[in-house]
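Topology and contacts: notes
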Amino acid sequence: MGYSKAAEGDSPLLTDMYVLGIETSCDETAASIVKDGKNILSSVVSSSLEEHAPYGGVIPEIASRMHLESITRVVDSAIRQAKIKLKDVGLVSVTAGPGLAGSLLVGVSFAKALSLGINAPLLGVDHLSSHIYANFLSGSRPALPFVALIVSGGHTVLFYVKDLDKIDVLGSTHDDACGEAFDKVAKILKLGYPGGPVIERLAKRGDPEKLKFKCSNTDRPLDFSFSGIKTAVMYFAKKNSSRLRSPGSKLTRDIAASFQEAAIDTLIRKSFLACKMKKAGRLVIGGGVAANGRMREKFFAQAGDKGIDVYFPERKLCMDNAAMVAGLGYQLFRKGRESGLGLNIGG
Ligand code: KG4
Ligand code: ZN
């Protein structure tokens, strides 16, 4: 724990500080070492995806058991790949919520034991804030304040970010998350799990204008609803089942493209509306769905006309990972945040 402190603005600048991040909120067991909140020295992700694939979605009981099996090996690999020693870790930062309770408990309990064992401070961080922080780990860093859209398998939320510890919710989904809708549409079309990447791949060879799928309206303009569009796809697929026997059929590709386009258009419309309402010139995006190439292309294409700077993390940092947990932990620790062994899961 050899970092040094220097005065910088309101919070001290901590240099040579190695933060261990631990992430177990869903089906990925991840650990990472990040130096000074920005340099990723290692980022290890072990997914239990294959175990969940036969069920078409994440099974919480399987996920927590897999975390328990993997966590020691994953943390050990992160330390070794970073070429540091456990005693060099200056802070243990762990996802405390939101997520699957049994999964979060594995990460939080491990982090507590480790922080006690190596006498390093402990900090529980919010999963969605860490997805936002993924944008500070590569490329140009967004200046504060900004509007953020986090779009993943469990969440679809618009935020106004004044600072990394001052984040207001502007709107969120009433029902399914956007990634969950991708997963359910893929299940309806018998394309396997997770749905996002396979829908994106098939959509490239489909016609996005062919079928008129649309996301439902919401009373509050910055909220989302994805369950109606998923149901519309389900009824359409039932009615046309004979033309959907082969997973790569023309109709399957057109459904994938039309669904994807409607989902992305809704994300774009609401995100830019949020920017307008908050008079924000920057829009920061994160979460697993943000890995979608078509989404990235369409956001950038429309941002220019609207005079808004759009930020996406590198693709691998869109998915659940622990580098974003370590990076955010560093910044919050600088601001004086620390959890102690009473840390509980939440969110
Ligand atoms: O952020 P993440 O790794 O885990 C959660 O916190 O949920 O997101 C996983 C979600 C899944 O629903 C997956 O289908 C979706 O992200 N996803 C995608 C793509 N890659 C992953 N959705 C659309 N297009 C993609 N290329
Ligand atoms: Zn996530």
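Residues numbered from 1 in each chain as written. Chains lettered and ligands numbered in written order. Predicted model: local features only at pLDDT ≥ 70, side-chain atom pairs only at ≥ 80, totals over all residues. Heavy atoms only, no water.

1. As for the nonpolar core
Put simply, the rule is: In this description, a nonpolar core means a group of buried Ala, Val, Leu, Ile, Met, Phe, Trp, Tyr and Cys residues linked to one another through side-chain atoms lying within 4.5 Å. Accessibility here uses a 1.4 Å probe with only protein chains present; expressed as a share of the type maximum, an area under 20% marks a residue as buried, one over 50% as exposed, and anything in between as partly exposed. Going along the chain from the N terminus, every DSSP run of H or I of four or more residues is numbered as a helix, and every run of E of two or more is numbered as a strand. Note on definitions: a residue-residue contact is assigned when non-hydrogen atoms from the two residues lie within 4.5 Å.
Among the nonpolar cores identified, the biggest contains 52 residues, and Phe-259, Met-295 and Phe-299 are the most heavily contacted of them. Elements that contribute at least two residues to this core include exactly β8 (146-151), β9 (156-163), α5 (178-188), α6 (195-203), α7 (227-239), α8 (250-278), β11 (282-286) and α9 (293-306). The dominant element in this core, judged by the number of residues it contributes, is α8, at 13 residues. Excluding residues within four positions of it along the chain, Met-295 makes contact with Leu-149, Val-151, Ile-264, Leu-267, Ile-285, Val-289, Ala-290 and Phe-312. The next biggest cluster of nonpolar side chains, apart from the first, holds 31 residues, and it includes Leu-14, Val-19, Ala-134 and Ala-326.

2. Details of the coordination of the zinc ion (ligand 2)
Selection criterion: Note on donors: an N, O or S atom is included if it sits within 2.8 Å of the metal, or within 3.2 Å for Na, K and Ca, and water is never included, so sites can look incomplete. Working rule for geometry: tetrahedral if four donors all subtend angles between 85 and 135 degrees; square planar for four, octahedral for six, if opposite donors exceed 155 degrees and the others stay between 65 and 115; irregular in every other situation.
The zinc ion (ligand 2) binds to the protein through His-127 (NE2), His-131 (NE2) and Asp-320 (OD); the donor distances cover 2.0 to 2.2 Å. For the zinc ion (ligand 2), the 4 donor atoms are set out with angles of 93 to 150 degrees between them, so the coordination reads as irregular. Linear spacing of the donor residues for the zinc ion (ligand 2) on their chain is H-x3-H-x188-D. On the criterion of sequence distance, the pair formed by His-127 in helix α4 (residues 127-133) and Asp-320 in the loop between α10 (315-318) and α11 (323-334) is long-range, its members being 193 residues apart. There is no split in this pair, since His-127 and Asp-320 are both buried.

3. Description of the site of ligand 1
Here is the rule we go by: Residue proximity to a molecule or strand is established when one non-hydrogen atom of the residue lies within 4 Å of it. In protein, a polar contact means a hydrogen-donor-capable atom and an acceptor-capable atom, both N or O and within 3.5 Å, with residues adjacent in sequence counting only if both atoms are side-chain atoms; elsewhere, any N or O pair within 3.5 Å suffices. Only the protein chains shown count as cover for residues, with accessible areas throughout obtained via the Shrake-Rupley method and a probe of 1.4 Å.
Near ligand 1 lie 20 residues; those nearest to it are Gly-153, Asp-183, Glu-200, Gly-288 and Asn-292. Measuring from a nitrogen atom of ligand 1, one finds a side-chain N or O atom of Asn-292 at 3.0 Å. Between an oxygen atom of ligand 1 and a main-chain N or O atom of Asp-320, the distance comes to 3.1 Å. Across the complex, the protein chains shield 92% of the 560 Å² of accessible surface that ligand 1 would expose by itself.

4. Comments concerning the packing of α5 against α6
The criterion, for reference: Helix axes are fitted only over the stretch in contact, all axes being lines through C-alpha atoms; the angle between N-to-C directions runs from 0 to 180 degrees. Oblique is the label for any angle not covered by the other classes, which are roughly parallel (under 35 degrees), roughly antiparallel (over 145) and roughly perpendicular (65 to 115). The crossing is said to be left-handed when, going from far helix to near helix, the turn is anticlockwise and less than a right angle, and right-handed when the turn is clockwise.
For the pair α5 and α6, the least separation of the axes is 8 Å and the interaxial angle reads 70 degrees. Judged on the interaxial angle alone, α6 and α5 are roughly perpendicular. For the crossing formed where α5 meets α6, the hand is left-handed. Each of Phe-182, Asp-183, Val-185 and Ala-186 in α5 lies in contact with α6, whose residues at this interface are Gly-195, Gly-196, Val-198 and Ile-199.

5. Concerning the pattern of salt bridges
Put simply, the test is: Every case where a carboxyl oxygen of Asp or Glu lies within 4 Å of a side-chain nitrogen of Lys or Arg is listed as a salt bridge.
Inspection of every chain in the model, using the stated rule, returns 17 salt bridges. Notably, a salt bridge pairs Lys-335 with Asp-163, separated by 2.9 Å at the nearest N-O pair. Pair noted here: Lys-335 is in the segment after α11 and Asp-163 is in strand β9, with a separation of 172 residues, a long-range link. Judged by relative accessible area, Lys-335 falls into the partly exposed class, the value being 33%. For Arg-220, the salt bridge identified is with Asp-223, shortest N-O distance 3.1 Å. With a relative accessible area of 55%, Arg-220 lands in the exposed category. Note on Asp-223: relative accessible area 3%, which makes it buried.

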